[in-house]
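These are the residues of each chain, in order.
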Amino acid sequence: MTDLLNIILLGIIEGITEFLPISSTGHLLIAEHWLGARSDLFNVGIQAGAILAITLVYWKRVWQLLTQWRDPGTRDYLSKLTVAFLITCVLGLVVTHYGFKLPETVTPIAWALIIGGFWMIGAEALAARQPDRREVTWTVAILVGIAQMVAGVFPGTSRSGATIFAAMLFGTSNRAAATEFAFLVGIPTMYAATGYELLKVWKGGGAAHEDWTALGVGFLVSLVVGFIAVKWLLGYIRTHRFTAFAVYRIALGAALLLLMPAGV
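Keep in mind it's a predicted model, so treat the numbers as computed, not measured.

**Some details on the overall build of the protein chain**
- Along the backbone of the protein chain there are 11 helices and 0 strands.
- In sequence order, the secondary structure elements of the protein chain are arranged as α-α-α-α-α-α-α-α-α-α-α.
- In terms of C-alpha radius of gyration, the protein chain reaches 18 Å, essentially the compact-globule figure of 18 Å for 264 residues.
- Within the protein chain, residue pairs in contact and separated by at least 24 positions form 83% of the contacts whose partners lie at least 6 positions apart.
- Of the roughly 13,000 Å² of accessible surface on the protein chain, 70% is carried by carbon and sulfur atoms.
- One finds the centroid of the 18 positive side-chain charges in the protein chain at a distance of 9 Å from the centroid of its 15 negative side-chain charges.

Right, here's the structure in full:
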């Protein structure tokens with residue numbers, strides 16, 4: 001019963017944090033210090049639940065992009081999504097080849113949370129001074145692709161936060177438009193990353209000893225909670241800034257530096 005509760009809690013944490021700009025990877029790594037470490041396949045599986053959730057939220061927009069690509073405006077938007085995705089893939093393969101990644105310990109995660117929080121506050125202030133622009137430029141598409149890769153390298157950065165604010169600062173100042181582009185480009189990116197991790201785990205023999213019941217429960221919890229979290233966020237940002245998330249990141253990062261032993 002205790003293990004089941006821990007699985008449910010991890011699914012809830014993944015579902016809430018995957019698309020909120022507070023870092024799902026950082027929260028899962030921190031949570032597993034208390035709830036017990038899980039297999040790579042489990043972590044990939046519950047992330048897949050969150051990805052399916054965002055796909056369901058945006059299914060009409062995704063269908064429009066896939067079926068109305070002959071429309072010049074739709075084709076332009078789809079081209080920019082594709083370029084952002086490809087940039088992330090290429091840079092991700094380069095980073096993976098050279099093995100560049102920070103240790104997944106609390107201290108670098110805490111600093112990433114703090115630095116990211118201040119970055120979000122500054123970015124919000126700068127974006128507020130710009131005229132309201134919903135257009136996604138090629139500069140935004142390229143920088144969003146780079147931002148996704150940076151977030152993957154530095155645990156605690158937050159993929160959604162990095163991409164949303166890259167868009168807001170460099171052309172798409174409208175918060176809702178920036179968020180939509182960041183989330184849409186995240187769908188193929190995260191499916192690709194999840195598929196890659198799943199294949200790696202499978203080839204390494206990790207699937208043979210996996211607790212599939214636990215993985216299934218975590219997947220379903222992450223799916224349901226992720227769907228609710230994204231729907232709530234899309235409503236929240238219509239009338240609110242991301243400042244509350246920034247303050248939360250800074251407070252959490254500072255608390256981790258103060259309370260957690262070095263090297264953990």
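This is not the end of the story, as more comes after the structure.
**Digging into the packing of aromatic side chains**
- Scanning the model with the defined rule gives 8 aromatic pairs in all.
- Ring geometry for F19 against F183: centres 5.3 Å apart, planes inclined by 70°, an arrangement best described as edge-to-face. Placement of F19 in the loop between α1 (2-17) and α2 (24-35) and of F183 in helix α9 (residues 175-203) is noted, with a sequence separation of 164 residues between them. Just as F19 is buried, F183 falls in that class too.
- Looking at R38, its charged tip hangs above the ring of F42, at a distance of 5.6 Å from the centre.
- One Lys or Arg, R61, reaches over the ring of Y77 and ends 4.6 Å from the middle of that ring.

**Looking at the confidence of the model for the protein chain**
- Residues with a pLDDT of 70 or more make up 96% of the protein chain, whose mean pLDDT is 87.
- Ranking the helices and strands of the protein chain by mean pLDDT puts helix α4 (residues 59-67) first, with 93, and α2 last, with 81.

**Digging into the nonpolar core**
- By size, the foremost hydrophobic cluster in this structure holds 46 residues, and its most contacted members are Y58, F181, F183, F242 and F245.
- Elements represented by at least two residues in this core include exactly α3 (40-57), α5 (72-98), α6 (106-128), α7 (138-153), α8 (159-169), α9, α10 (212-236) and α11 (243-259).
- The element contributing the most residues to this core is α9, with 8 residues.
- Leave out the neighbours within four places in its chain, and Y58 touches T179, E180, F183, L184, I187 and L234.
- Core analysis: the second largest hydrophobic core is formed by 11 residues, L28, L35, V201 and A214 among them.

**Overview of α6**
- For α6, spanning 23 residues, the distance from its first C-alpha to its last is 33 Å, which sits close to the expected 33 Å at 1.5 Å a residue.
- If you check which residues of α6 are buried, you get V106, I109, A110, A112, L113, I114, G116, G117, M120, A123, E124 and A127.
- Lining the buried residues of α6 we find α2, α8, α9 and α11.

**Here we look at the packing of α7 against α8**
- The geometry of α7 relative to α8 is characterised by a closest axis approach of 8 Å and an angle of 155° between their N-to-C directions. Comparing their axes, α8 and α7 come out roughly antiparallel. Along this stretch, α7 crosses α8, giving a crossing that reads as right-handed. The residues of α8 that touch α7, namely those facing V140, L143, V144, A147, Q148 and A151, are R159, A162, T163, A166 and A167.
- Considering only residue class, the contact of α7 with α8 consists of 8 nonpolar, 2 polar and 1 charged.

**Digging into the pattern of salt bridges**
- Taken as a whole and judged by the stated rule, the model has 4 salt bridges.
- A salt bridge links D3 to R38; the nearest nitrogen and oxygen atoms lie 2.5 Å apart. On the criterion of sequence distance, the pair formed by D3 in helix α1 and R38 in the loop between α2 and α3 is long-range, its members being 35 residues apart.
- With relative accessibility at 38%, the residue D3 sits in the partly exposed group.
- When the shortest N-O distance is used, the salt bridge between K80 and D76 registers 2.8 Å. Here K80 and its partner D76 are both found in helix α5, 4 residues apart, which amounts to about one turn of the helix.
- For K80, a relative accessible area of 3% puts it in the buried group.
- The class of D76 is partly exposed, set by a relative accessible area of 32%.

Rules of the game
Residues numbered from 1 in each chain as written. Predicted model: local features only at pLDDT ≥ 70, side-chain atom pairs only at ≥ 80, totals over all residues. Heavy atoms only, no water. Helix = DSSP H or I, 4+ residues; strand = E, 2+ residues; numbered from the N terminus. Rg over C-alpha atoms; globule rule 2.2 N^0.38 Å. Contact = heavy atoms within 4.5 Å. Areas by Shrake-Rupley, 256 points an atom, 1.4 Å probe, with all protein chains shown as cover. Lys, Arg positive; Asp, Glu negative; His and termini not counted. Charge placed at Lys NZ, Arg CZ, Asp CG, Glu CD. Phe/Tyr/Trp six-rings, centres within 6.5 Å; stacked < 30°, edge-to-face > 60°. Buried < 20%, exposed > 50% of the residue type's maximum accessible area, 1.4 Å probe, protein only. Lys NZ or Arg CZ within 6 Å of the ring centre and 35° of its normal. pLDDT = per-residue confidence, 0-100. Core = buried A, V, L, I, M, F, W, Y, C linked by side-chain atoms within 4.5 Å. Expected span 1.5 Å × (residues − 1). Axes fitted to C-alpha atoms, helices over the stretch in contact; angles between N-to-C directions. Parallel < 35°, antiparallel > 145°, perpendicular 65-115°, else oblique. Left-handed = near helix turned anticlockwise from the far one by under 90°. Nonpolar A, V, L, I, M, F, W, Y, C, P; charged D, E, K, R; others polar. Salt bridge = Lys/Arg side-chain N within 4 Å of Asp/Glu carboxyl O.

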